[in-house]
Structures are given as structure tokens and as C-alpha cells.
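# Residue-level structural notes
The chain contents come next:
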Amino acid sequence: YSELADADLIFNTLGEVEKDGGHSETVRSLLARLGKPVLNLPDRIACTGRDRVHELFGDIPGLVLPNVRWLSRDQPVDLVDLSSCFLIRPAGAHGGADLALIETPVDLKQYLAKAPYDRFLLTDFHDFKALDGYYRKYRFIFVDRQPLPYHLAIADSWLVHYWRAEMAFSEWKKMEEEVFLTDWRNVFGPKSSAAIDHVASRMDLDYGGMDCSVLRNGDVLFFEANACMLVHLDDEETNFPYKHQAVPRIRDAVTRMIRNRIARE
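Here's a quick rundown of the structure. (Residues numbered from 1 in each chain as written. Predicted model: local features only at pLDDT ≥ 70, side-chain atom pairs only at ≥ 80, totals over all residues. Heavy atoms only, no water.)

Spatially, the four strands line up as an open sheet ordered S4-S7-S5-S6, and their pairing is antiparallel. Since the sheet does not close on itself, it has two edges, and those belong to strand S4 (68-72) and strand S6 (100-102), each with one partner. Ignoring which end each strand starts from, the neighbouring axes of this sheet average 35 degrees apart. Across five bridges, the pairing between S4 and strand S7 (residues 119-124) is antiparallel. Bridge pairing in S7 links valine 68 to threonine 123. Packed onto the sheet, helix H4 (residues 105-114) meets S4, strand S5 (86-90), S6 and S7 and runs at close to 10 degrees relative to S5. (Pairing = 2+ DSSP bridges. Helix = DSSP H or I, 4+ residues; strand = E, 2+ residues; numbered from the N terminus. Axes fitted to C-alpha atoms, helices over the stretch in contact; angles between N-to-C directions. Contact = heavy atoms within 4.5 Å.)

On to the nonpolar core, then. Judged by nonpolar contacts, the single largest core of 47 residues is most densely connected at Phe57, Leu63, Phe140, Phe188, Ile196, Val199 and Met210. With seven residues, the top contributor of residues to this core is helix H7 (residues 184-203). When sequence neighbours within four positions are dropped, the list of residues in contact with phenylalanine 57 reads Leu63, Leu65, Val199, Arg202, Met203, Phe222 and Ala225. (Core = buried A, V, L, I, M, F, W, Y, C linked by side-chain atoms within 4.5 Å. Buried < 20%, exposed > 50% of the residue type's maximum accessible area, 1.4 Å probe, protein only.)

Most of strand S9 (residues 146-155) is tucked away: eight of the 10 residues are buried. The turn linking strand S8 (residues 135-143) back onto S9 is made up of two residues, and aspartate 144 within it adopts a positive phi angle of 55 degrees.

This paragraph deals with the layout of surface pockets. There is about 850 Å³ of room inside the largest pocket. Surrounding the largest pocket, 39 residues form its lining, Lys137, Val160, His161, Asp211 and Glu224 being those nearest its centre. Mapped onto the lining of the largest pocket, the elements with two or more residues apiece are S5, S7, S8, S9, helix H5 (162-165) and strand S11 (220-226). At four residues, the largest contribution of residues to the lining of the largest pocket is made by S11. Looking at the lining of the largest pocket residue by residue, the class counts come to 21 nonpolar, eight polar and 10 charged. (1 Å grid on protein atoms, 1.4 Å probe; cavity = no way out; pocket = protein on both sides within 12 Å on 5 of 7 lines; lining within 4 Å. Points joined across faces, edges and corners; volume = space filled by probe spheres on them. Nonpolar A, V, L, I, M, F, W, Y, C, P; charged D, E, K, R; others polar.)

Moving on, we come to empty space enclosed by the protein. According to the stated counting rule, one finds one cavity of 30 Å³ or more in the structure shown. Roughly 60 Å³ of volume is contained in the largest cavity. Together, Glu16, Val17, Glu18, Thr48, Gly49, Arg50, Gly92, Ala93, His94 and Asn226 line the largest cavity. When grouped by side-chain class, the residues that make up the lining of the largest cavity number two nonpolar, five polar and three charged.

Another aspect to go through is the packing of aromatic side chains. In this description, an aromatic ring pair is defined by two values, namely the gap between the centres and the angle between the planes. The tally for this structure, following the rule as stated, stands at 16 aromatic pairs. Relative to phenylalanine 120, the ring of tyrosine 117 lies with its centre 6.4 Å away and its plane at 90 degrees, an arrangement referred to as edge-to-face. Taking the relative accessible area as the measure of exposure, phenylalanine 120 reaches 0% and is therefore buried. Taking 5.4 Å as the distance between ring centres and 80 degrees as the angle between the ring planes, the aromatic pair formed by phenylalanine 140 and phenylalanine 180 counts as edge-to-face. Taken together, the positions of phenylalanine 140 in strand S8 and phenylalanine 180 in helix H6 (residues 171-182) put the pair 40 residues apart, joining distant regions of the chain. A network of ring pairs unites the aromatic residues Tyr138, Phe140, Phe180, Trp184 and Phe188 as a single cluster. When the ring centre of phenylalanine 86 is taken as origin, the NZ or CZ atom of arginine 69, which lies over that ring, is 5.2 Å away. The ring of tryptophan 70 is capped by arginine 119, whose NZ or CZ atom sits 3.7 Å from the centre of that ring. (Phe/Tyr/Trp six-rings, centres within 6.5 Å; stacked < 30°, edge-to-face > 60°. Lys NZ or Arg CZ within 6 Å of the ring centre and 35° of its normal.)

Pasting the structure below:
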């Protein structure tokens, strides 16, 4: 408490709902004692769990939200609906850690035999392969409820992560990413851009982000939206000059937001 008593503004970085270790109440209590302006209020963070996306975003036009449900280890596996394939991940996992595509009962039993966890999230899988045979994952960072493009990963597998996509070794991928970072609204078009704007507004966080893809019919396929999106600029400027223009815009937007919030209080 004493270390924060003289702060002008508090930035709550406890962003993972499913893995907060019970610390949310501690944060709420501390913030109430401090009486300071806060970025990313805990009550807003609490709404961003993967299993609450339909509550938050369910009526947004042009946004496809996969169904999400929980599975506990003590539940009978034979009762899990396998009429369509789904993704399974441990609660609170990010970055593809222990993420798997389940297509058969055998897949599920083999996964559970190897995964040392008690709770899992099941998410319906939507095939988002584009006409050219590649999978795309777009990441937006929301600063003060405004979307800013951060990166585009293009891969030949559904498990799309930037580091897996080997973007640095493909000039055409980098060219496409540069177009996205330069003018994402033109890439997405009016309907899909409006869906992204709605997500940023509905989250109502000072800082957050969203991962998504675009389906062949132009709808936005939702992956996740929360306060756990990382922003870094580790790529060499000689190889990714456009990222050294786009990423600083995010940093500058955060700086402006903090200064404006302090000035307003």
C-alpha cells in the first residue's frame, strides 16, 4: 500500500480471469483503500473470461462467436458432445500451451491422459482456412477502447501463432502484414471493421486486445479478447521496417491515455 499511496494512477495488470489465484478481491480491496484513478478496473476484467464472450459480444453483427463450455476431469468423458470437432485447452492457458484439436473420442481420451490439469475449456472449432490454403490470425490492441493493429500471422496450420508462422522468412507474408498494419480498415471492409470497433467498445477496458480471423464470407471469427495481449518490438527494423512504425503508435497511444487520465482527475 505505501508504495502506491503517492501514485497518480494505478494500472491493474491482473488480466487473466481464469487463472487469477483468488487475487481479484485483494486487488479490489487495495484499490478501494488507495482511492486512485484506475486503468482496467477489476470488474471489467472479470467480464473477459472465454466462457463469457456470448454475454459480452453475442449480438454484434458480423462477429462469429464459437460456443465455449467447461470440462472437469471428474466429468464422464463419454458424455462430451463430439458431434463436431472442438479445441481443448487448460483453464487460463495462452500461447497455444497444451491446446489441441479434438475430432474423435479417442483424441479426447488421449489428451486427458497426458494433460495434468483439472479444468479445461472446450471451444467449437470453425475452419478458417482462406481460399489460398492459409490460416490468418489478426491481432488488435485496444487502447482507451480504440483498436490499433498489432500483427498478422499467416500459417499453413490452424494452430496460428506469430512465432510458428515464420513470417520473417516470407516476403509475401510480410507484404500482406504491412498492408494490414498500414490500413486495417480497408483490409477488413466496413462490416468487419465495425465488428472490431464494437468489441473494443463492449470490452470497455483501458488496455486490452483481440485475436481473430476473417471467414470467407467476410465475417470476423472471434478467437479471444482480454487484457493479456502482449506488445513488443523485438523484430529487427531491417527485416520488419513497417512494424517499427506501427508498434510505436500503440506505445504512444498508451502514453497519451495515461497523461490524459491523470490530467482529467
